[in-house]
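Close look at the chain arrangement
Each chain, written out:
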Amino acid sequence: MLLTVPITTVLGHTRSPWLAFLLMTAALTFLSGHSALAAVIKAEMFPTKVRALGVGLPHALVTATFSGLTEPIAPALKKGGHETVFFWYVTACVGVTFLATLVVREPSRTSLLEDSTPAPQATAPPT
């Protein structure tokens, strides 16, 4: 979060392919830490009965909203000469993610979604 604006600003002004490569590698190194843990953390948030919906629906909505808006916002800001505003937009998105990680708990062990009564056993139909 702290390095998004500096890295993207330098990346936007560099003419050196090696510097661009190093900056992108540095950024992707930080991103890989998030990517490595994201699936595990999201899966632990929900009991198995609702895990696919609990992880998939919010992910789809957030991706459609923020990633979907990237296509029109980034070129429009660049065309208008306000490219750095987009860098701050990305930083704000990272900041919201950071705040969410601070308040999330591990509810899968004590979730109200998990029913403590055993599920009824399926019986074979009479033949």
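These lines cover the structure that appears in this document, whether it is placed above or below. Computed from a prediction, not measured in an experiment: that's the story for all the values here. (Residues numbered from 1 in each chain as written. Predicted model: local features only at pLDDT ≥ 70, side-chain atom pairs only at ≥ 80, totals over all residues. Heavy atoms only, no water.)

A few words now on the packing of helix H1 (residues 4-13) against helix H4 (residues 83-103). Contact pair H1 / H4: the axes reach a minimum separation of 9 Å and the direction vectors enclose 150 degrees. In terms of their interaxial angle, H1 and H4 are classed as roughly antiparallel. At the point where H1 passes H4, the crossing takes the right-handed sense. When H1 is examined against H4, the residues Thr4, Val5, Thr8 and Thr9 are found in contact with a partner set consisting of Phe87, Trp88, Val90 and Thr91. Grouping the constituent residues of the contact of H1 with H4 by class yields four nonpolar, four polar and no charged. (Axes fitted to C-alpha atoms, helices over the stretch in contact; angles between N-to-C directions. Helix = DSSP H or I, 4+ residues; strand = E, 2+ residues; numbered from the N terminus. Parallel < 35°, antiparallel > 145°, perpendicular 65-115°, else oblique. Left-handed = near helix turned anticlockwise from the far one by under 90°. Contact = heavy atoms within 4.5 Å. Nonpolar A, V, L, I, M, F, W, Y, C, P; charged D, E, K, R; others polar.)

Right, let's talk about the packing of aromatic side chains for a bit. Scanning the model with the defined rule gives two aromatic pairs in all. Seen from their ring centres, tryptophan 18 and phenylalanine 21 are 6.3 Å apart, and the 85 degrees between their planes marks the pair as edge-to-face. Of this pair, tryptophan 18 and phenylalanine 21 both sit in helix H2 (residues 17-44), three residues apart, roughly one helical turn. With a centroid separation of 5.8 Å and 35 degrees between ring planes, the pair formed by phenylalanine 86 and tyrosine 89 is classed as tilted. Placement of both phenylalanine 86 and tyrosine 89 in helix H4 is noted, with a separation of three residues, approximately one turn of the helix. A relative accessible area of 16% means that phenylalanine 86 is categorised as buried. (Phe/Tyr/Trp six-rings, centres within 6.5 Å; stacked < 30°, edge-to-face > 60°. Buried < 20%, exposed > 50% of the residue type's maximum accessible area, 1.4 Å probe, protein only.)

Purely geometric stuff here, so don't read any function into it on its own.
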